[in-house]
There are 2 protein chains.
Amino acid sequence: MRKSGRPTMKDVAKLSEVDVSVVSRVLSSDPKLAITDETRDRVLAAVAELDYRPNRTARALRTSRSGLIAFVLPQKTSEVYFRLVAGAAGQCTELGYQLVVAGINEPEKQLRDYESAGIDGVLIAAGGLDDDELQRWAGSNLPVVAVNRSTDLLPTACDLDYFTASSLAGKHLKDLGHTRPAVLSGPWSQPGSDQRLTGLCEELGVNSDELTAVSSHGIGAAAGYEAGIRLADQLDGETAIFVTTISLAFGLLKALSERGISVPDDVSVLSLHDEELANFTSPALTTIAMPTEQLGATAVSQLLNAIEGRDTPQVVVNDAPVLVARQSTAPASSHQSATHAP
Amino acid sequence: MRKSGRPTMKDVAKLSEVDVSVVSRVLSSDPKLAITDETRDRVLAAVAELDYRPNRTARALRTSRSGLIAFVLPQKTSEVYFRLVAGAAGQCTELGYQLVVAGINEPEKQLRDYESAGIDGVLIAAGGLDDDELQRWAGSNLPVVAVNRSTDLLPTACDLDYFTASSLAGKHLKDLGHTRPAVLSGPWSQPGSDQRLTGLCEELGVNSDELTAVSSHGIGAAAGYEAGIRLADQLDGETAIFVTTISLAFGLLKALSERGISVPDDVSVLSLHDEELANFTSPALTTIAMPTEQLGATAVSQLLNAIEGRDTPQVVVNDAPVLVARQSTAPASSHQSATHAP
DNA sequence: ATGAAAGCGCTAACAG
DNA sequence: CTGTTAGCGCTTTCAT
């Protein structure tokens, strides 16, 4: 065992000629501590002089609070998760926590590892999980909050406002004269119960099962391409395609171009989530930008609330989504047609 | 203070009727422990029965080893870093460590935070750091290893084999008849000393300062676009463009298309690093795929070596890069010309 | 082959 | 207002 060599509280106590307990109380600004300014200053001076920093491990052992939280992510992931992590990491830094990340594994095993490691709570990126798997994250002594998914399998969940987002999408399409868009969605979406569609349908006054819809088998561009080909072949006069997550849209654009369907002349494309690359596709992609980093940050706050035993709203809605109109959407016009030679 | 309620070593000791020290030694498979199989079995049985898991915090306090390592990332980041983290995280799980992530901040402050938190060592994504900043990461008691950058400012550094990668690029271009490619590189690249160019130049038999080169002001597609416009306007008969990192290439493609330069008819484009989206640009991008996840994993191993005081090679080269030929490169032919009307 | 005992550095009653 | 004390759960000499 290497001695760390760093000064301990005892050193500070000695130098400032008080007891360690006083140092401890000064440093944690114990509210019910009455102390002369003189003494406090002496302690603080000693802390500064020795360049003392508390040993968080010792503190953790004593208080059973490590200041560590974990974020569990899908093994196959995408830009969206990255932004989530960035938001969460920033908030952690802000609040003096450390963020541990790991790919998702067996929930039970992973949770027990985290308990063993003294992790205070865990964030689970639940966007792609089915109920069964999510359920398995619930049976733990640790506070667990679901991120990017609404659910009541867990006491706390944070999600983006997909209803508003899809309403925005619907409104934009309606304004352009598109009345019955086709839908390209991710693998977990269940048409009809999918909140990413309700706003759209409401705005357009259609029923979700009237729409031509295709589900992808994954969340990457390749999955979007594959599903996009299927969708292209199924198009029946639709003048627009609504995509529920952006990476799919990148693949779709390619599929459409291969099928000789021109965007936005033959069909408009509009996707949820925004990212820098949307500016650089051809044509540049119209999107609904979602506050993804915000979601990450909020999830951290919620988890800390749960850890402290404070109130934790079941669902948290963040900043409003915003439409970013680029070149992939255009007015529907009578000469439009998505039909084409095979 | 909440009692955790989990069984401790004492409970195991009691149940198996031995001393805690014996339990400890059994569990850490102390090599110089002589023990009857009978006793060991009793201990193990108790461990199983109580579902005992060691308290890593207590262990950490005792051994000054937390089992935590940190990965410090740029605030503005890209897909490449994500892959790095994925690789590192996987390796950590493999080896029983936890990976803490954070955006880069003030090195001194961050390092002291990490010391205070008991972090065992830190990985710094140094690809975009200048020497001064990197230097500031060196002055710490913690082992620090630079990732994605070769340097001798730190005792340990891990990097990809950019020499081989750029040789591969050079060879591919030469095979196609391109002799004097233009270069689009990231902000930190210093032409001439840049290892991402040496292999290319060697293969092509040119001097790096003979090449038309433009540096971007960032690492995203937007930066690539901006620099791409500048480069397009500077093109002087070049039949190919070599890009040192892929996100820039996405922007470049757009810039070229706006300038009416057709890829690959007018100019071929070839980029370092591969990602899924390279399949979905138009045209699909030819790349040199680098073992980025591997780098993340190797960096972790190196850091653990450093932590254990074992040997740490200054530079680690991983799996070989591989050429992924797609549609953005084509043979140079006499009718090619990058000149164009403004 | 096993047990006793001393702490790692910190916190939180409880005394004084 | 400040000091004493008793651990948190574990590892590790040193005894036996």
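Not measured: the values here are computed from a predicted model.

### Some words on the nonpolar core
Grouped together as the largest cluster of nonpolar side chains are 88 residues, with contacts concentrated most on A:I69, A:F71, A:L99, B:I69, B:F71 and B:L99. The next biggest cluster of nonpolar side chains, apart from the first, holds 52 residues, and it includes A:A221, A:I241, A:V269 and B:L231.

### What to know about the interface of chain A and chain B
Residue-level contacts link 51 residues of chain A with 51 residues of chain B. For the chain A and chain B pair, buried surface summed over both sides reaches about 4,300 Å², with 57% attributable to carbon and sulfur atoms. At the junction of chain A and chain B, the tally comes to six salt bridges. A salt bridge links A:R112 to B:D51; its shortest N-O distance comes to 2.4 Å. On inspection of chain A and its partner chain B, the count reaches 19 residue pairs in polar contact (both at pLDDT 80 or more). Counting only elements with at least two residues in the side of chain A that touches chain B, the list comes to α4 (56-63), α5 (79-95), β2 (98-103), α6 (107-117), α10 (221-234) and α11 (246-258) of chain A. A per-element tally of the side of chain A that touches chain B places α4(A) first, with seven residues. Across the side of chain A that touches chain B, the residue classes tally to 23 nonpolar, 16 polar and 12 charged.

### Thoughts on the sheet that holds strand β1 (residues 68-73) of chain A
In sheet architecture, strand pairing relies on hydrogen bonds along the backbone and comes in two forms, parallel and antiparallel. On the basis of which strands lie adjacent, the open sheet formed by 10 strands has the order β5(A)-β4(A)-β3(A)-β1(A)-β2(A)-β2(B)-β1(B)-β3(B)-β4(B)-β5(B) and mixed pairing. Every other strand in the sheet has two partners, leaving β5 (156-158) of chain A together with β5 (156-158) of chain B as the edge strands with one partner each. The mean angle between the axes of side-by-side strands here comes to 25°, regardless of whether they run parallel or antiparallel. Summarising the sheet, strand β4 (residues 144-147) of chain A and β5(A) pair through three bridges and their orientation is parallel. When the bridges of β5(A) are listed, A:V147 appears paired with A:C158. Relative to β1(A), α5(A) is tilted by about 175°, and along the sheet it contacts β1, β2, β3 (121-125) and β4 of chain A together with β2 (98-103) of chain B.

### Focus on the protein's contact with DNA strand C
Taken together, 23 residues lie around DNA strand C, and A:M9, A:Y52, A:R62, B:A34 and B:T39 are the ones closest in. When the atoms of DNA strand C within 4 Å of the protein are sorted by group, sugar and phosphate make up 60%. One of the backbone N or O atoms of A:N55 is found 2.9 Å from a phosphate oxygen in DNA strand C. B:T36 places a main-chain nitrogen or oxygen 3.3 Å from a phosphate oxygen of DNA strand C.

### Notes on the relation of the copies chain A and chain B
By a simple turn and slide, chain A fits onto chain B: the slide is 0.1 Å along the axis, the RMSD is 0.1 Å, and the turn is 180°. Such a turn and shift between the copies fits a two-fold axis. Considering only C-alpha atoms, the part of chain A nearest the rotation axis is A:V100, at 2.1 Å. The residues that chain A uses at the interface reappear at the interface of chain B in 100% of cases, marking a shared surface.

### Examining the domain arrangement of chain A
If you check the domain split of chain A, you get domain 1 (9-53), domain 2 (65-160 + 291-319) and domain 3 (162-290 + 324-334). A straight line from the C-alpha centre of domain 1 of chain A to that of domain 2 of chain A covers 36 Å.

### So, the packing of α4(A) against helix α4 (residues 56-63) of chain B
At a closest axis distance of 9 Å, the pairing of α4(A) and α4(B) adopts a crossing angle of 140°. On the basis of their axis angle, the class for α4(A) and α4(B) is oblique. The two elements α4(A) and α4(B) meet at a crossing, and its hand is left-handed. Contact with α4(A), carried on its side by A:T57, A:A58, A:A60 and A:L61, involves B:T57, B:A58, B:A60 and B:L61 of α4(B) and no other residues of that element. Looking at the contact of α4(A) with α4(B) residue by residue, the class counts come to six nonpolar, two polar and no charged.

### Things to note about the protein's contact with DNA strand D
Around DNA strand D sit 23 residues in total, of which A:D19, B:M9, B:Y52, B:R59 and B:R62 are the nearest. Near the protein, meaning within 4 Å, the atoms of DNA strand D are sugar or phosphate in a fraction of 55%, with bases accounting for the rest. Here a phosphate oxygen of DNA strand D sits 3.0 Å away from a polar atom, N or O, in the side chain of B:S24. In this structure, a phosphate oxygen belonging to DNA strand D sits 2.9 Å away from a main-chain N or O atom of B:N55.

### Some thoughts on the packing of helix α2 (residues 20-27) of chain A against helix α3 (residues 37-50) of chain A
All names here are of chain A. Viewed as axis vectors pointing N to C, α2 and α3 meet at an angle of 85°, and their least axial separation amounts to 10 Å. By the angle between their axes, α2 is roughly perpendicular relative to α3. Contacts from V23, V26 and L27 of α2 reach α3 at R40, V43, L44 and V47. When the residues that make up the contact of α2 with α3 are grouped by side-chain class, the tally is six nonpolar, no polar and one charged.

About the cut-offs
Residues numbered from 1 in each chain as written. Chains lettered and ligands numbered in written order. Predicted model: local features only at pLDDT ≥ 70, side-chain atom pairs only at ≥ 80, totals over all residues. Heavy atoms only, no water. Core = buried A, V, L, I, M, F, W, Y, C linked by side-chain atoms within 4.5 Å. Buried < 20%, exposed > 50% of the residue type's maximum accessible area, 1.4 Å probe, protein only. Contact = heavy atoms within 4.5 Å. Buried area = accessible area lost by both parts, 1.4 Å probe. Salt bridge = Lys/Arg side-chain N within 4 Å of Asp/Glu carboxyl O. Polar contact = N/O pair within 3.5 Å; in protein donor to acceptor, adjacent residues only side chain to side chain. Helix = DSSP H or I, 4+ residues; strand = E, 2+ residues; numbered from the N terminus. Nonpolar A, V, L, I, M, F, W, Y, C, P; charged D, E, K, R; others polar. Pairing = 2+ DSSP bridges. Axes fitted to C-alpha atoms, helices over the stretch in contact; angles between N-to-C directions. Near = heavy atom within 4 Å. Least-squares fit on C-alpha atoms with pLDDT ≥ 70 in both. Domains from an automatic or database assignment. Parallel < 35°, antiparallel > 145°, perpendicular 65-115°, else oblique. Left-handed = near helix turned anticlockwise from the far one by under 90°.

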